There are 2 protein chains.
Amino acid sequence: MKKRFEDFESFLRGRGLKVTRTRALIFEEIFAAPTVHPNAEEIYRKLVAKKKRVSLATIYRTLNLLVKSGLVSAVDLGEDHSHFEPEWDRTAHGHLICLSCGRVQEFSREEIQDAIERIGKEKGFELDKFSIQVFGFCQACGKK
Amino acid sequence: MKKRFEDFESFLRGRGLKVTRTRALIFEEIFAAPTVHPNAEEIYRKLVAKKKRVSLATIYRTLNLLVKSGLVSAVDLGEDHSHFEPEWDRTAHGHLICLSCGRVQEFSREEIQDAIERIGKEKGFELDKFSIQVFGFCQACGKK
DNA sequence: TTTAATGCAAACATTTTGCACCCTG
DNA sequence: CAGGGTGCAAAATGTTTGCATTAAA
């Protein structure tokens, strides 16, 4: 099931929060290009480029709401700031991060998910979520 | 093979850098308690408690050297700062991080490492390193 | 004695917050 | 029109850097 803006609306209404123009714009920026993994600054710059009047503060506040809602995840790509991606309902996935060009590819493997679930069982650890970052060189960069 | 201070000395000498008292102290702090995963601030506080005269700046500078040397890794435990651990020669491992008490357990599984290597091959991605964080509740906290 | 290392304070980068004004419901 | 939302500027964090001084080699 694909998450859409209505899910964010429900989340906000359920907490007595308001559905605003700015929140919709930020939501759009993340969901319209799911492979981009933008950070707060990038979202800000894109909205400014589209002549929207927003502030970084609001972007951070909205990102926090989106993460709390479960519709968006923060991902660590080895930089000193967070990146954000839509959280679709699908097998958990990891990221391949190119140390040369910075390109990010996703992957998902049942076997890894299963192995992690087995580890949780063994150690009596109740799983919530996990993240995997694989660093290296993508096909294009590795060939050089 | 277990890494020891001599390895750090070789690294430093090989680059024309100096083996100093402060660098030894910081190295010790990380290697003496490998399960601690301290952050820069914690290392600083422990050394101050031991009446050592150090600055956070030197700790950060030394941590950067240790990471470059490959003797120490920076690990992301979901907080807004890095933690550090000795990088022993062993199968790559992941961390189970308790969202309630913050305790960190390690795990390692050949099958995960193999799966990631297979993914690299498939995508023509030349692997360098990977990290896995599993968030959830440890046995003690989960029972409550 | 030469060159790197250190502590300190200032600079940085990212993210959060206080406040006066604005907009949604 | 009441209460949350917003932009702006200031604050809070974590980390890095410039500089004068100290200490390895």
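Coordinates for the structure precede this section.
Before going into details, it helps to say that this report is about the structure given with it. (Residues numbered from 1 in each chain as written. Chains lettered and ligands numbered in written order. Predicted model: local features only at pLDDT ≥ 70, side-chain atom pairs only at ≥ 80, totals over all residues. Heavy atoms only, no water.)

### So, the protein's contact with DNA strand D
1) Next: Of all residues adjacent to DNA strand D, which total 21 residues, the nearest are A:Lys18, A:Arg23, A:Val54, A:Thr58 and B:Tyr60.
2) Next: Within the contact set of DNA strand D, a phosphate oxygen lies 3.2 Å away from a backbone nitrogen or oxygen of B:Val19.
3) Next: At 2.5 Å from a phosphate oxygen of DNA strand D is found a side-chain nitrogen or oxygen belonging to B:Tyr60.
4) Next: Of all the secondary structure elements, the ones that give two or more residues to the surface near DNA strand D are helix H2 (21-31) and helix H4 (56-69) of chain A together with helix H4 (56-69) of chain B.
5) Next: Counting residues per element, the surface near DNA strand D draws most heavily on H4(B), at four residues.
6) Next: Partitioned by chemical class, the residues of the surface near DNA strand D number six nonpolar, eight polar and seven charged. (Near = heavy atom within 4 Å. Polar contact = N/O pair within 3.5 Å; in protein donor to acceptor, adjacent residues only side chain to side chain. Helix = DSSP H or I, 4+ residues; strand = E, 2+ residues; numbered from the N terminus. Nonpolar A, V, L, I, M, F, W, Y, C, P; charged D, E, K, R; others polar.)

### Brief notes about the interface of chain B and chain A
1) Next: Counting residues at the interface gives 34 residues for chain B, matched by 34 residues for chain A.
2) Next: Summed over the shared surface of chain B and chain A, the number is four salt bridges.
3) Next: Linking B:Arg118 and A:Glu111 is a salt bridge whose minimum nitrogen-to-oxygen distance equals 3.0 Å.
4) Next: Along the contact surface separating chain B from chain A lie 16 residue pairs in polar contact (both at pLDDT 80 or more).
5) Next: Elements that contribute at least two residues to the side of chain B that touches chain A include exactly strand S3 (94-98), strand S4 (104-107), helix H5 (110-123), strand S5 (126-137) and helix H6 (139-142) of chain B.
6) Next: With 12 residues, the top contributor of residues to the side of chain B that touches chain A is S5(B). (Contact = heavy atoms within 4.5 Å. Salt bridge = Lys/Arg side-chain N within 4 Å of Asp/Glu carboxyl O.)

### So, the protein's contact with DNA strand C
1) Next: Close to DNA strand C lie 21 residues; A:Tyr60, B:Lys18, B:Arg23, B:Arg53 and B:Thr58 are nearest.
2) Next: Per the 4 Å cut-off to the protein, sugar and phosphate atoms form 73% of the nearby atoms of DNA strand C.
3) Next: Between DNA strand C and B:Thr20 there is a distance of 2.7 Å, counted from a phosphate oxygen to a side-chain nitrogen or oxygen.
4) Next: B:Ser55 has a polar side-chain atom sitting 2.9 Å from a phosphate oxygen of DNA strand C.

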